[in-house]
Amino acid sequence: MIDLKTFEVWFITGSQNLYGEETLRQVAEHSKHIAAGLDRAGQIPVRVVYKPVVKSTEEIYQTLQEANVAPNCIGIITWMHTFSPAKMWIRGLNILQKPMLHLHTQYNRDIPWSSIDMDFMNLNQSAHGDREFGFMVSRLRKNRKVVVGHWQDNGVLDEINSWARAAAGWHDWQGAKFARFGDNMRFVAVTDGDKVEAETKFGFSVNTYGIGDLVAVIDSISEAEVTALTDEYESLYTMDASLLKGGAGYSSVYEAAKIELGLKKFLQDGGFKGFSDTFEDLHGMVQLPGIASQRLMEAGYGFAGEGDWKTAALVRAFKVMGSGLAGGNAFMEDYTYHFDPSNELVLGSHMLEIDSSLASGKPALEVHPLGIGGKADPARLVFNVAGGNALNASLIDMGNRFRLLVNEVVAVEPEHDLPKLPVARVLWKPLPDMKTGCAAWIYGGGAHHTAYSQNLSAELLQDFADMAGIEFLRIGKDTTIAGFRNELRWNEVAYK
Ligand code: MN
């Protein structure tokens, strides 16, 4: 549902009029060739669009101003084929509001040893032209991503891919709307935060809607629509005979399907990209949405439970950034530990709502009591999740700033059946190890709720945090508690 090819990155080459017509003609030709190469590259999920070479303060200002307002432009790639005196860039960079990648590349990969002359040197100057440009970006304290290497190199293309995906997630947040049904779970701290500051910083709004209004939409769904969806459930999931049409438990499945359709209609009609709910505020609803939340996440909506709007928004951004990649992005919660010294593990899950895009194999649709909330037994999808590299990310409000905290993990295949656990679950080992990973997470103030990703890297999330201008902390294979605590201490000063 999220097609990244609708987004554009503008390829902008800097130069100056000093060189004369013939050199500038070659600059333009080479730039077109590079932009077309990037546009065609399989690794890059968005369009790369060539823009005429900019050679003066006015041209730079005008092009960057156009980038700011172009609705599909999610960012710019800059490159100085020749020298482009950087005072010319001050006005433009000062107004630039889109993410920027500075591609420190060169048209030719190799030096043509036998033919190189001063004309060649005059044209191929990025080694010093990009340094002049880089100084100005640093001088203006602008965040950007610097990528170094030949533009056809696979590693370079991978870095551009990663940045472009971060830019797509960032772009998707601008003007995005998230609906909250009910407030945060009573007395819970980490899932709460400053929604005004979030809208200022991140560009998305979070507003509350009465459960009664949602219930009215759910009640408007026709029996035919609900039956069509329960048919779909029966075709997609393993279900006990009692839950099939005519069975004693079918009414629970029917209610769950009706809730899914009502929620989906509410979100579509309001133009929302995600939502949160809470088991403490379900007045008029028959069940807490279980399978509804799971399948809406699978369809691309952001979600987090207990009113956790920050995680819901983060899950949505993850879905955009991971669009088209193998693996899923999901709402997750650190639930229970396995402290066996020979095989330490975290079991991640939630009461109900684990995104079915993570499922390995065919999910089972089951109905069980919830134990809290006092509502009817909710339907949910139960499944295991595959092993492999993954990460958990938490967006928290530190009072004077937002922090994005990431822990890289290695997920492991389940070694045991869990016949009495009626929820989807994931097992993982935090990096660098259980003790360090968990301790660093707690020192960093990370939440129990996270966005869990099977296909996004910590580097990509660093780019994303830079676009937002927020603090980024990574817990990975090289993390030590001493080093991490120092980083926290120093960041307190950096963000004062
Ligand atoms: Mn929770």
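How each quantity is defined
- Residues numbered from 1 in each chain as written.
- Predicted model: local features only at pLDDT ≥ 70, side-chain atom pairs only at ≥ 80, totals over all residues.
- Heavy atoms only, no water.
- UniProt positions renumbered as here; feature names shortened; annotations may be inferred.
- Donors = N, O, S within 2.8 Å, 3.2 Å for Na, K, Ca; no water.
- Helix = DSSP H or I, 4+ residues; strand = E, 2+ residues; numbered from the N terminus.
- Buried < 20%, exposed > 50% of the residue type's maximum accessible area, 1.4 Å probe, protein only.
- Salt bridge = Lys/Arg side-chain N within 4 Å of Asp/Glu carboxyl O.
- Axes fitted to C-alpha atoms, helices over the stretch in contact; angles between N-to-C directions.
- Parallel < 35°, antiparallel > 145°, perpendicular 65-115°, else oblique.
- Left-handed = near helix turned anticlockwise from the far one by under 90°.
- Contact = heavy atoms within 4.5 Å.
- Nonpolar A, V, L, I, M, F, W, Y, C, P; charged D, E, K, R; others polar.
- Core = buried A, V, L, I, M, F, W, Y, C linked by side-chain atoms within 4.5 Å.
- Domains from an automatic or database assignment.
- Phe/Tyr/Trp six-rings, centres within 6.5 Å; stacked < 30°, edge-to-face > 60°.
- Lys NZ or Arg CZ within 6 Å of the ring centre and 35° of its normal.
- Pairing = 2+ DSSP bridges.
- Patch = residues over 30% accessible without salt bridge, like charges linked within 9 Å, V, L, I, M, F, W, Y side chains within 5 Å.
- Areas by Shrake-Rupley, 256 points an atom, 1.4 Å probe, with all protein chains shown as cover.

Going by what an unreviewed UniProt entry lists, the protein chain is known as L-arabinose isomerase and is assigned to Mucilaginibacter psychrotolerans. Taken verbatim from the UniProt record of the protein chain, the Catalytic activity (unreviewed entry) comment is "beta-L-arabinopyranose = L-ribulose". The record in UniProt for the protein chain states the following under Sequence similarities (unreviewed entry): "Belongs to the arabinose isomerase family."

Draft legend 1. The coordination of the manganese ion, seen in detail. Every protein donor of the manganese ion is accounted for by Glu306 (OE), Glu333 (OE), His350 (NE2) and His449 (NE2), and the metal-donor separations fall at 2.1 to 2.2 Å. Each donor residue of the manganese ion belongs to the same chain, and together they define the spacing E-x26-E-x16-H-x98-H. Residue Glu306 is found in the loop between β10 (302–304) and α12 (309–321), and its partner His449 is found in strand β18 (residues 449–453); the two are separated by 143 residues along the sequence. Comparing Glu306 with His449, the two get one shared label, buried.

Draft legend 2. Expanded view of the pattern of salt bridges. Following the criterion strictly, the structure yields 22 salt bridges and no others. Its salt-bridge partner being Arg186, residue Glu280 comes within 3.9 Å of it at the nearest N-O pair. Of this pair, Glu280 sits in the loop between β9 (274–276) and α11 (291–298) while Arg186 is found in the loop between β6 (177–181) and α7 (195–202), placing the two residues 94 residues apart along the sequence. One salt bridge connects Arg295 with Glu260, and the closest N-O pair in it is separated by 2.8 Å.

Draft legend 3. Seen up close, the packing of helix α9 (residues 223–236) against helix α10 (residues 250–270). Relative to each other, α9 and α10 sit at 110°, their axes nearing to 9 Å. Between α9 and α10, the angle is such that the two are roughly perpendicular. At the point where α9 passes α10, the crossing takes the right-handed sense. Residues Glu223, Glu225, Val226, Thr227, Leu229, Thr230, Tyr233 and Glu234 of α9 pack against Tyr250, Val253, Tyr254, Ala256, Ala257, Lys258, Glu260 and Leu261 of α10. Split into classes, the residues belonging to the contact of α9 with α10 amount to 9 nonpolar, 2 polar and 5 charged.

Draft legend 4. Local environment of the nonpolar core. Of all hydrophobic cores here, the largest spans 87 residues; its most connected members are Leu38, Leu103, Trp173, Phe202, Phe204, Leu404 and Leu461. Tallying contributions element by element places helix α6 (residues 154–173) first for this core, with 10 residues. Counting contributing residues, this core receives three or more from each of domain 1 (4–173) and domain 2 (177–495). Residues in contact with Phe204, not counting those within four places in the same chain, are Trp173, Ala176, Phe178, Ala198, Glu199, Trp309 and Ala313. The next biggest cluster of nonpolar side chains, apart from the first, holds 33 residues, and it includes Tyr233, Tyr254, Leu381 and Ala411.

Draft legend 5. Seen up close, unusual backbone geometry. Omega for the bond connecting Leu431 with Pro432 falls within 30 degrees of zero, at 0°, which places this linkage in the cis form. Mapped onto the secondary structure, Pro432 falls in the loop between β17 (425–430) and α13 (434–443). Backbone geometry places Phe187, a non-glycine residue, at a positive phi of 75°. Among the structural elements, Phe187 can be located in the loop between β6 and α7. Phe187 gets classed as exposed once you look at its relative accessible area, which sits at 86%. In the Ramachandran plot, Glu306 falls in the positive-phi region, its phi being about 55° despite a non-glycine side chain. On the basis of relative accessibility, which here comes to 8%, the residue Glu306 falls in the buried class.

Draft legend 6. Up close: the packing of α12 against helix α14 (residues 458–468). At a closest axis distance of 12 Å, the pairing of α12 and α14 adopts a crossing angle of 120°. The pairing of α12 with α14 is recorded here as oblique in orientation. When the axes of α12 and α14 are compared, the crossing they make is right-handed. Contacts between α12 and α14 pair Leu314, Ala317, Phe318 and Met321 from the former with Leu460, Leu461 and Phe464 from the latter. By residue class, the composition of the contact of α12 with α14 is 7 nonpolar, no polar and no charged.

Draft legend 7. Structural view of the packing of aromatic side chains. Across all of its chains, the model carries 22 aromatic pairs by this definition. Here Tyr209 and Phe266 contribute two aromatic rings whose centre-to-centre distance is 5.7 Å and whose plane-to-plane angle is 75°, an arrangement assigned as edge-to-face. Of this pair, Tyr209 sits in strand β7 (residues 205–209) while Phe266 sits in helix α10; the two residues are 57 residues apart in sequence, bridging distant segments of the chain. Overall, Phe266 belongs to the buried group, its relative accessible area being 12%. Counting every residue linked through ring pairs, the aromatic cluster contains Trp170, Trp173, Phe178, Phe202, Phe204, Phe402 and Phe464. The cationic tip of Arg91 hangs over the ring face of Tyr61; the distance from NZ or CZ to the ring centre is 3.9 Å.

Draft legend 8. Fine view of the sheet that holds strand β1 (residues 8–14). Taken together, 5 strands build an open sheet; the order of strands is β2-β1-β3-β4-β5 and the sheet is parallel. Whereas interior strands pair on both sides, the edge strands pair on one side only; in this sheet they are β2 (47–54) and β5 (145–148). Strand after strand, the sheet turns through a mean of 25° between neighbouring axes, direction not considered. Each of β3 (73–80) and β4 (100–104) touches helix α5 (residues 126–139); the most contacted strand, β4, lies at about 155° to it.

Draft legend 9. Seen up close, the environment of Met351. Its location among the elements puts Met351 in the loop between β12 (345–349) and β13 (359–367). Classification of Met351 as buried rests on a relative accessible area of 14%. Sequence spacing of Met351 and Val320 is 31 residues, and the spatial spacing of their C-alpha atoms is 25 Å. Discounting chain neighbours no more than four positions away, the residues touching Met351 are Phe279, Leu288, Glu306, Tyr335, Leu370, Ile372, Arg380 and Val423.

Draft legend 10. Looking closely at a nonpolar patch on the surface. Together, Ile111, Trp113, Ile116, Met118 and Met121 give the surface a local cluster of nonpolar side chains, amounting to about 570 Å² of exposed area. Structurally, the position occupied by Ile116 is in the loop between β4 and α4 (118–123).

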